[in-house]
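Listed here are the chains, written in short residue letters.
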Amino acid sequence: MNTITARKPFLRRYIFSTDHHVIGLQYLILALVAVAIGTTMSLLMRIHLVWPDLILPGHGPILPEDYLALVTLHGTMMLFFVLTTAPQSGFGNLILPAQIGSRTMAFPRLNATSFWLTAIALLTLLSSTLVQGGAAISGWTAYPPLSAVASAGPGQALGMDLWLASIVLFAVASTAASINTLVTIIKLRCDGMTWDRLPLTVWGWFTAALLSILAFSVLLAALVMLFADRHAGTSFFLPAGDLVSGTLHTGGNGSPLLWLQLFWFFGHPEVYIAILPGMGLTSMLLANFSRRRVFAYRTMILTTLLIGFLGILVWGHHMFVAGLNPFAGTAFSISTIAIALPAAAKVLSWLATIWRSRPQLTTPMLFALGFVSLFLTGGLTGPILAQPILDQYLHNTFFVVAHFHLIMAMAGVFGLFAGAYYWFPLLSASSKNPAGRIMSESLGRWHFWGSFLGAYATFLPMHITGLAGEPRHYAQLTGIPGSAAAHLLATGSIPLQKHITYGAIFLASAQMLFLWNLIRSTRRGEYAPENPWQATTLEWHPDLAPFAPPSASNETIAVHHAPCTYGDTSFLTQWSPGDKPE
Amino acid sequence: MPQLASLLTITWPLPADASAHGPALDLHLFRNLWIALGLFALAHLLLLIGLLRSRRGNPYGDDRKHLWQIEYLPLTALALLFIFLTVQAERLWAAARYTGADPAALQIEVTGMQFAWYFRYPGVDATFGAIQPQLISAAEGNPLGIDPADSHGHDDFITSELVLPAGREVDLRLHAQDVIHGFAIPEMRLKQNAVPGETVHIHFTPVTPGTYAILCTQLCGTGHYRMNANLSVLTPAAFADWLATHEKVQR
């Protein structure tokens, strides 16, 4: 296969490739671009909150509509183009086929199409900053009527249309990619790769793909309906008599609440799509570096599926104070609290796996441990927000911002970093150097501690400002009219804002170490030995390494064991036929 | 012990609580926060001990034997804890939202629009006049579109500050003219979205006289951050004077 690839011209080989390794790398590069832009946007927001008079070079002062456009773009970029794309499509393409013993994805051309649709979606989103009126300002949730009426504010005309177009493209791409993932897992597993021998990472990808197909199809319908409301005179989300900026809606009688139902039916599973692959990877890494099998492997499979299943039954917890029937609030409260149990089961299994094992604290392991810590800390505030009476105080405050940034953004990104350091030898493999290179451990450790402390320094204080009553999406905290509101913000949240901003700057600066490590290690990192982490899973099989020269033996790949089989000093790979650890 | 309990509550930086339902809500919130903090500390302690203590063989030989000790037992305890918290929370939620306000409660209509809150009092006839969206015109002094053909509306009066008497229940009917807004009064431990096309009732009883912030908590456009108003809680006597003045002016 590789000899044929080698003869292809540059464009076919590296750009319009149907090789899943190349597509995986393309997705990762796209996510890296998106995360760099999204992080810069969040820093601009943080800096503006603390120094509101700062003049942005080449732009001028940050106006309220600029701030809200930053909020919207930051959320959309990070959630879709980083947290959905990198774990699911990036590492999913690079690693998943090999982990199940396959040399390809099920539909290579569909795979390439998905990537290019995603890339066009990102360009469409970014182009919305250049059009008249600017980018959309209604947040990543795009609640109508604000998003449905072009005159509702800056960015709600062409900027909003581009936002919709971008997410439509993304939804189509994501659905196609998920079908590809599912078919690959179901059809292309090698001999002996039974369902209970599948690595937990694959279970994470599998569940996330199932959720993607369900959730993105509903989102797609909602996006089309919103587009029709904007341009085809329908009234799915617009009530009769709605008056926005002097424009009276005299059409049919719809309800904005319908959008909330449809959006959150997608929106909540979406956060599990982002985090499930990271949960699977963390399970595998903790076992690998502790030289233990995963505690309660089958329970871990079950809890992964259970989290996926419950994940589609909890969307109403975003709507406790949105005008939802209070009895429905109770039902969603119970389903949401219930999801804490499989999540807690996972944490217990992680703790049991590393319990007194003296694990090797390599960089990927550190990030996996960081994942456990951040997932735990962010997760513990989940049951609090799941209680409608408490949500009635905390909803849309910075308490919620702290909650989801810790559990989804920070744990999610730590999962990505763990994957990047762990799989870097595979990422950097080439036909000349099939074992690849390894990233610098010392830089990696500095990067981990900077990120870990930075994450807590930034997001822990946000709980406090949220409890003190600071709402989200405020373009300014100082100089606002209303004596009581000014007093509330001045006593509660403003004193902590500087600390949060310093924390965010520190956190972002620490990422320079990662970028530096990535560039340095790609060019002149140490050569990796074969299977450098002594992993048991198939992606480290010499014949399955990306860009490896075709194997001379060309033997079929088969699996003889569950993953994570370790003795006290030795390990047994899934592909090795021996029945005891070597 | 009571001192300890009050110490536990004052260290969480909530704004002063000025509503009748607030103390029970605060107590439940503090209980939740302390439990979360305790579990946070416990889990991290276990994580650290697990990492630092030396390895002495395999602490669990057979998964199935230890599943009960390590997973199912702690999970059962956690489930019981969550059930307890949920039941407590639901009792408070039911009291606040399952039933409407007392019929004798003060009736006020709250309207959110980009970027202001309007409060309408029904006047001496205790009935709100009908609203026609076509008639909405702030320039002509009719920002809510009160229909002059409906005589119930003749004595309605509109304020930009919410004024309430201490100790009396108030029934707010919330709606929005243009986009979704979030009606929140942190000191009253109150939050509810105002949705165009819907009317949502919420009821509460302010207790402590004073001035409190009314914020918008649902992103509603460029002016979202400055869409706030004051809530003024007066003593019953002062409120009666205030109401009489406004009703006289209106007549």
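Residues numbered from 1 in each chain as written. Chains lettered and ligands numbered in written order. Predicted model: local features only at pLDDT ≥ 70, side-chain atom pairs only at ≥ 80, totals over all residues. Heavy atoms only, no water.

**Here we look at the packing of aromatic side chains**
Part 1 of the argument: Under the counting rule described, the total for this entry stands at 52 aromatic pairs over all chains.
Part 2 of the argument: Between the aromatic rings of Phe448(A) and Trp449(A), the centroid separation amounts to 4.9 Å while the plane-to-plane angle is 75°, which identifies the pairing as edge-to-face.
Part 3 of the argument: Residue Trp449(A) is classed as partly exposed on the basis of its relative accessible area, which comes to 44%.
Part 4 of the argument: An aromatic cluster of three or more residues is present, and its members are Phe80(A), Phe81(A), Trp140(A), Phe170(A), Phe216(A), Phe236(A), Phe237(A), Trp259(A), Phe263(A), Trp264(A) and Phe266(A).
Part 5 of the argument: Against the face of Tyr393(A) rests Arg189(B), its NZ or CZ located 5.0 Å from the ring centre. (Phe/Tyr/Trp six-rings, centres within 6.5 Å; stacked < 30°, edge-to-face > 60°. Buried < 20%, exposed > 50% of the residue type's maximum accessible area, 1.4 Å probe, protein only. Lys NZ or Arg CZ within 6 Å of the ring centre and 35° of its normal.)

**Regarding the confidence of the model for chain A**
Part 1 of the argument: Per-residue confidence for chain A gives a mean pLDDT of 93; residues scoring 70 or more make up 97%.
Part 2 of the argument: Low pLDDT, under 50, characterises residues 1-5 of chain A; the predicted model gives this stretch five contacts beyond four residues in sequence or across chains. (pLDDT = per-residue confidence, 0-100. Contact = heavy atoms within 4.5 Å.)

**Considering the pairing of strand β2 (residues 116-121) of chain B**
Residues and elements named next belong to chain B.
Part 1 of the argument: As defined by bridge partners, strand β1 (residues 106-113) adjoins β2 across five bridges and the pair is classed as antiparallel. Paired with Val110 across the strands is Phe119, a residue of β2.
Part 2 of the argument: Linkage of β1 to β2, two consecutive antiparallel strands, is achieved through a turn of two residues.
Part 3 of the argument: Taken together, the three bridges between β2 and strand β3 (residues 157-159) define a ladder with antiparallel strand orientation. Looking at the pairing, Arg120 lines up with Ile158 of β3. (Pairing = 2+ DSSP bridges. Helix = DSSP H or I, 4+ residues; strand = E, 2+ residues; numbered from the N terminus.)

**Structural notes on helix α4 (residues 236-250) of chain B**
All names here are of chain B.
Part 1 of the argument: Given a rise of 1.5 Å per residue, 15 residues ought to cover 21 Å, and the 21 Å separating the end C-alpha atoms of α4 matches this to within 8%.
Part 2 of the argument: Taken residue by residue, α4 has Phe239, Trp242, Leu243 and Glu247 as its buried positions. For α4, the arc enclosing every buried residue in end-on projection is 125°, short of the 170-degree limit, so these residues lie on one face. Across from the buried face of α4, at angles greater than 90 degrees, the exposed residues are Ala237, Asp241, Lys248 and Val249.
Part 3 of the argument: On the buried face of α4, the contacting elements are β1, β2, β3, β4 (162-165) and β10 (229-234). (Expected span 1.5 Å × (residues − 1). Arc of directions from axis to C-beta.)

**Here's the deal with the nonpolar core**
Part 1 of the argument: The biggest cluster of nonpolar side chains holds 222 residues, and the ones touching the most others in it are Trp259(A), Phe375(A), Trp423(A), Trp117(B), Phe119(B) and Phe183(B).
Part 2 of the argument: If we ignore the near neighbours within four places in the chain, the residues touching Trp259(A) are Thr141(A), Ala142(A), Tyr143(A), Pro144(A), Ala222(A), Leu223(A), Leu226(A), Phe237(A) and Trp264(A).
Part 3 of the argument: In terms of nonpolar packing, the next biggest core, distinct from the first, is built from 20 residues, Trp12(B), Leu29(B), Leu33(B) and Ala36(B) among them. (Core = buried A, V, L, I, M, F, W, Y, C linked by side-chain atoms within 4.5 Å.)

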